[in-house]
Amino acid sequence: MLASWPIRPYNAGNFSHTRERHMSWIENRFEEGLIVTSMDWAINWARTSSLWPMTFGLACCAIEMMSFASSRFDVDRFGAGAFRATPRQADLMIVAGTVTYKMASRVRRLYNQMPDPKYVIAMGACTVGGGPYFKYGYHVVKGVDLVVPVDVYVPGCPPRPEALQEGLMRLQDKIRAQSVGLPKGSKRAAKLGLPTPAAAV
Amino acid sequence: MTPQQIAQRLGEKFGSAVTQSLPDDKHPRVHTTAEHWRQIAEFLKFDGELAFDFLACLTAVDYVADNKLCLVADLISMTHHHEFAVKVYMDRDHPTLPSVSDLWPAADWHEREAYDMMGILFENHPDFRRILLPEDWQGHPLRKDYEFPREYHGIPGSYEMDWKQKADYPA
Ligand code: SF4
């Protein structure tokens, strides 16, 4: 049409079911052992208890997300109440609402601007897989996992705030299972000259 | 003025340019064709007795069976407290209309939307581009024969509603 669209085409399907773990500076520098285990505990405690979401809503689901953040449901109890107005300060992206093809490039850019480690919750049927627009929506992305890697899916149209809280707690469980050390079995793999095993995500 | 009087006045002024007059309809209106739309619009706005100074809505309909596109303009007069509508029929393959955004500023965005969704081209529009969809979008989605995109910048789409494909695989 009038102007060319200033985005690079992305490789869809890259993120569908598996993902590379995004790493911060401290990760994969230590071998397994006692030090790593206690450090993991401290780091994961810090990460789970201060998940800062990005202020970001795309459609009706965002209303439930606001309710989830406000006093009745009070997400501050989980340490995730500090909604940041910039992706540079955010750890968590709650994709709440319908992602259109036009918005997809913006969602991807916001995700790229977040510092590692970063997490994504897909909230609502629309972001899980196109939802009510799966069939008749010519303009809706059939699931935000085609655009950014998703950690936790929260189904519903819209999910109740409790459901999103549940999703947040599942994400915290996931973070608690992370380790900053080298992946399990990498010492043995190095001895045998095998490639380093992939980290559990 | 009553819708009957408005329709009569338009009929007297424009004669055969008013192809159909339906003042007693639930949606009182006259029908016209693309080449007379600008004249009728100017008359509706500037005539002292009509004085349609407010464009309530401007939208479009696709009559694919008749190979016609139709622009629907709903007008209100704040001075005389009456309302009326005009339907402008045009050829589906060459849907070109003069813009009325200089008469009613509300038409600016509505015409862009009619272009975006239906592909009606407006001449002399001050800022003529798509309003909702991205600028590199293919096609005009509210047309009845629109084909859903299979992918957009590498993001796959669904083709369950692709009516052409559905016809290929009955049931
Ligand atoms: S899942 Fe339902 S409530 Fe949520 S954005 Fe989509 S349509 Fe709206």
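Going by the structure above, here's the rest.
Because the structure is predicted, anything quoted here is derived from the model rather than measured.

## Focus on the pairing of strand β4 (residues 68-77) of chain B
Within a regular beta strand, the side chains point alternately toward one face of the sheet and then the other, so they alternate between its two faces.
Residues and elements named next belong to chain B.
Part 1: Counting buried residues along β4, seven of its 10 residues qualify, which places the element largely inside the surrounding structure.
Part 2: Taken together, strand β3 (residues 54-63) and the strand that follows it, β4, pair antiparallel across an intervening segment of four residues, in which N67 is found at a positive phi of about 55°.
Part 3: Counting the residues in the hairpin turn of β4 and strand β5 (residues 82-91) gives four residues, including H81, whose phi is positive at 55°.

## Notes on the side chain of K118(A)
All names here are of chain A.
Part 1: Along the chain, the position of K118 falls in the loop between α3 (101-113) and β2 (119-123).
Part 2: At a separation of 2.9 Å, a polar atom in the side chain of K118 contacts the main-chain carbonyl oxygen of Y111.
Part 3: For K118, the side chain forms a polar contact with the main-chain oxygen of M114, separated by 3.2 Å.

## Remarks on the nonpolar core
Part 1: Among the nonpolar cores identified, the biggest contains 62 residues, and M93(A), L10(B), W37(B), L71(B), L97(B) and I120(B) are the most heavily contacted of them.
Part 2: Ranked by the residues each element gives to this core, the list is headed by helix α2 (residues 34-46) of chain B, at six residues.
Part 3: Setting aside anything within four residues of it in sequence, one finds L71(B) in contact with W37(B), L58(B), T59(B), A60(B), V86(B), K87(B), V88(B), M90(B), L97(B), I120(B) and F122(B).
Part 4: If you look at the next biggest cluster of nonpolar residues, it comprises 20 residues, including C61(A), I94(A), L168(A) and I175(A).

## Remarks on the packing of aromatic side chains
The description of two aromatic rings rests on the distance between their centres and on the angle between their planes.
Part 1: Taken as a whole, this structure holds 12 aromatic pairs over all chains when the rule is applied.
Part 2: Connected via pairs of aromatic rings, a cluster forms that spans Y101(A), Y138(A), W137(B), Y146(B), F148(B) and Y152(B).
Part 3: The residue whose ring lies beneath R130(B) is Y115(B), and the NZ or CZ to ring-centre distance is 5.9 Å.

Definitions and limits used
Residues numbered from 1 in each chain as written. Chains lettered and ligands numbered in written order. Predicted model: local features only at pLDDT ≥ 70, side-chain atom pairs only at ≥ 80, totals over all residues. Heavy atoms only, no water. Buried < 20%, exposed > 50% of the residue type's maximum accessible area, 1.4 Å probe, protein only. Helix = DSSP H or I, 4+ residues; strand = E, 2+ residues; numbered from the N terminus. Pairing = 2+ DSSP bridges. Polar contact = N/O pair within 3.5 Å; in protein donor to acceptor, adjacent residues only side chain to side chain. Core = buried A, V, L, I, M, F, W, Y, C linked by side-chain atoms within 4.5 Å. Contact = heavy atoms within 4.5 Å. Phe/Tyr/Trp six-rings, centres within 6.5 Å; stacked < 30°, edge-to-face > 60°. Lys NZ or Arg CZ within 6 Å of the ring centre and 35° of its normal.

None of the figures reported here should be taken as evidence of function without further support.
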